[in-house]
2 protein chains.
Amino acid sequence: MMAADTPRRILDAAADEFAERGLAGARVDRIAERAGANKQRIYAYFTSKDQLFDAVIEDRIEQLLDAVPFDAADLPGYAVRILDFNLAHPSLVRLLLWHNLERPAVLARLPQSVESHARKVAALRAARGDDDWAADRLLAQVLGLVHGVTLAPGPDLDRTRADLHRAVSRLVG
Amino acid sequence: MMAADTPRRILDAAADEFAERGLAGARVDRIAERAGANKQRIYAYFTSKDQLFDAVIEDRIEQLLDAVPFDAADLPGYAVRILDFNLAHPSLVRLLLWHNLERPAVLARLPQSVESHARKVAALRAARGDDDWAADRLLAQVLGLVHGVTLAPGPDLDRTRADLHRAVSRLVG
DNA sequence: GGTCACCAACTAACCAGTTGGTTGTCGTCG
DNA sequence: CGACGACAACCAACTGGTTAGTTGGTGACC
């Protein structure tokens, strides 16, 4: 009856539900309802709640990694762009936090994630002459900074952005 | 029968259980078992699972806020000491992450947390001549940095510490 | 006698995952 | 052409295990 994109609708609905409540707090019936789909379709396509959760992450991880192209030559600008992305997609941030807590080490084994990280480290090495370690550290620091600012953005967004830009500039000094 | 510290044992057991599984994933029976106590004692002292969770946070928040005394004159050292504390108490970090996701805005209303933050901002203003906004930003940035490093510490802890120290030094530059 | 504690069983709801029965839409083959 | 099987989808009810919260009955200690 419904157009043939049922798996797509299920993934979207599940992403919302999981972002709000996490894996343990999510309810499969609620996901089915939100998707305007049937519960058995969920199990037909994704076999279990846990696997559905992983499938949602795998579906969204690409958005997360590629939505903001990495720019080793302009880390401050990169940081600000990630901040803007995070603020525009708060549910993606929550989804990642949940996943990190409830499915530890699953993300670290996702090839897309590993490769993306490796590419960034390599780009940093090429652009700055750092060794692997230093590039890895710098990346973790920048992302941590962005994360901290994401969780507590001030009331004046422009100034928040400017302050973040300046902070990263100092880091890369 | 048991020594009269039953509420204490319940709080400790609950802290472990909640740190591992979160609010939705925790099981009250498991907490009772871990505490070597009886389930009704939990409800006698804490009335509900949710309130028990909040009580755990309120119990541990002091540890979190005061275990590492704030030093506005030595932010790099402060950051490193927080990192060490986080690495020594990973379950406290998880507890905070869970709470942030599952009980949003509860922490922001805890007077202890609010006052501690205000005190830090005031100390930063006094020590550096910043305005409220700048002090608030700087604090968020430093804590974000520490958090990022906490989640992805390199294999060489000493170097991780040194790199964090240098990073914060540049921030406060 | 009141408080703290134990044990054990209970309830009432909830929830992941299943099953059976039905409809509509294809493409295929007789 | 038509009917037949395969498939996607729906609804609804069910199973079996789990779980927050309760109750009743017992002992110990102050």
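What counts as what
- Residues numbered from 1 in each chain as written.
- Chains lettered and ligands numbered in written order.
- Predicted model: local features only at pLDDT ≥ 70, side-chain atom pairs only at ≥ 80, totals over all residues.
- Heavy atoms only, no water.
- Helix = DSSP H or I, 4+ residues; strand = E, 2+ residues; numbered from the N terminus.
- Expected span 1.5 Å × (residues − 1).
- Buried < 20%, exposed > 50% of the residue type's maximum accessible area, 1.4 Å probe, protein only.
- Contact = heavy atoms within 4.5 Å.
- Polar contact = N/O pair within 3.5 Å; in protein donor to acceptor, adjacent residues only side chain to side chain.
- Bend = angle between axes of the 7 residues up to and from the residue.
- Domains from an automatic or database assignment.
- Buried area = accessible area lost by both parts, 1.4 Å probe.
- Salt bridge = Lys/Arg side-chain N within 4 Å of Asp/Glu carboxyl O.
- Near = heavy atom within 4 Å.
- Axes fitted to C-alpha atoms, helices over the stretch in contact; angles between N-to-C directions.
- Parallel < 35°, antiparallel > 145°, perpendicular 65-115°, else oblique.
- Left-handed = near helix turned anticlockwise from the far one by under 90°.
- Nonpolar A, V, L, I, M, F, W, Y, C, P; charged D, E, K, R; others polar.

Description of helix 5 (residues 75-88) of chain B
All names here are of chain B.
1) Next: Taking 1.5 Å per residue as the helical rise, helix 5 with its 14 residues ought to reach 20 Å, and the 20 Å between its terminal C-alpha atoms agrees with that figure.
2) Next: Among the 14 residues of helix 5, 10 are classified as buried, and the element is accordingly described as predominantly covered.
3) Next: By the burial criterion, the buried members of helix 5 are L75, P76, G77, Y78, A79, V80, I82, L83, F85 and N86.
4) Next: Residues of helix 5 that are buried in the fold lie against helix 4 (49-66), helix 6 (90-102), helix 7 (111-128), helix 8 (132-151) and helix 9 (157-172).
5) Next: At the N-terminal boundary of helix 5, the capping side chain belongs to D74, with an oxygen 3.1 Å from the backbone nitrogen of G77.

Regarding helix 1 (residues 6-25) of chain B
1) Next: With 20 residues, helix 1 of chain B should reach 28 Å at 1.5 Å per residue; the first-to-last C-alpha distance of 23 Å falls well below that figure.
2) Next: At A19 of chain B, helix 1 of chain B shows its largest kink, close to 85°.
3) Next: Buried residues along helix 1 of chain B sit in contact with helix 1 (6-25) of chain A together with helix 2 (28-35), helix 3 (39-46), helix 4 and helix 6 of chain B.

Observations concerning the domain arrangement of chain A
Many structure descriptions define interface size as the accessible area lost when the parts assemble.
Residues and elements named next belong to chain A.
1) Next: Each assigned domain of chain A is listed with its residue range as follows: domain 1 (1-60) and domain 2 (67-173).
2) Next: Once you take the C-alpha centre of each, domain 1 and domain 2 turn out to be 28 Å apart.
3) Next: Contact with domain 1, which involves 15 residues of that partner, is made by 12 residues of domain 2.
4) Next: Summing both sides of the interface, domain 1 and domain 2 together bury roughly 1,100 Å²; the carbon and sulfur share of this comes to 63%.

Points about the interface of chain B and chain A
1) Next: In this assembly, 33 residues from chain B lie in contact with 33 residues from chain A.
2) Next: Both faces considered, chain B and chain A share a buried interface measuring about 2,700 Å² in area, 63% of it formed by carbon and sulfur atoms.
3) Next: Taken together, the links from chain B to chain A amount to 2 salt bridges.
4) Next: Linking chain B to chain A there are 11 residue pairs in polar contact (both at pLDDT 80 or more).
5) Next: Sorting the residues of the side of chain B that touches chain A by element identifies helix 1, helix 6, helix 8 and helix 9 of chain B as the ones contributing at least two each.

Re the protein's contact with DNA strand C
1) Next: In the vicinity of DNA strand C, 17 residues are found, and the nearest of them are R27 and K39 of chain A together with T6, Q40 and Y45 of chain B.
2) Next: When the atoms of DNA strand C within 4 Å of the protein are sorted by group, sugar and phosphate make up 58%.
3) Next: With respect to DNA strand C, the side chain of R27 of chain A contributes an N or O atom lying 2.7 Å from a phosphate oxygen.
4) Next: Measuring from a phosphate oxygen of DNA strand C, one finds a side-chain N or O atom of Y43 of chain A at 3.1 Å.

Quick look at the packing of helix 5 of chain B against helix 8 of chain B
All names here are of chain B.
1) Next: Closest axis-to-axis distance for the helix 5/helix 8 pair is 10 Å, and the angle between their directions is 40°. As far as their axial angle goes, helix 8 and helix 5 are oblique. Helix 8 is crossed by helix 5, and the crossing has right-handed handedness. Along the contact surface, helix 5 presents L75, A79, I82, L83, N86 and L87, while helix 8 presents L138, V142, L143, V146, V149 and T150.
2) Next: Of the residues in the contact of helix 5 with helix 8, the class split is 10 nonpolar, 2 polar and no charged.

Re the protein's contact with DNA strand D
1) Next: Not every one of the 17 residues close to DNA strand D is listed here, only the nearest: T6, Q40 and Y45 of chain A together with R27 and K39 of chain B.
2) Next: Taking G36 of chain A, its main chain carries an N or O atom lying 3.3 Å from a phosphate oxygen of DNA strand D.
3) Next: At 2.7 Å, a side-chain N or O of K39 of chain B approaches a base nitrogen of DNA strand D.
4) Next: Among the elements of the structure, helix 3 (39-46) of chain A together with helix 2 and helix 3 of chain B are those that each provide at least two residues to the surface near DNA strand D.
5) Next: Counted by class, the surface near DNA strand D contains 6 nonpolar, 6 polar and 5 charged residues.

A word on the pattern of salt bridges
1) Next: Tallied over the entire structure, the rule returns 38 salt bridges over all chains.
2) Next: When the shortest N-O distance is used, the salt bridge between R34 of chain A and E20 of chain A registers 2.8 Å. Here R34 of chain A is found in helix 2 (residues 28-35), whereas its partner E20 of chain A is found in helix 1, with 14 residues between them in sequence.
3) Next: Its relative accessible area of 44% is what places E20 of chain A among the partly exposed residues.
4) Next: R161 of chain B is paired through a salt bridge with D158 of chain B; the nearest N and O atoms lie 3.0 Å apart. Taken together, the residues R161 of chain B and D158 of chain B, both in helix 9 and 3 residues apart, mark about one turn of the helix.
5) Next: R161 of chain B sits in the partly exposed class, given a relative accessible area of 22%.
6) Next: On the basis of relative accessibility, which here comes to 54%, the residue D158 of chain B falls in the exposed class.
7) Next: Among the ionic contacts, a cluster of salt bridges with common partners joins R8, D12, D59 and R60 of chain A.

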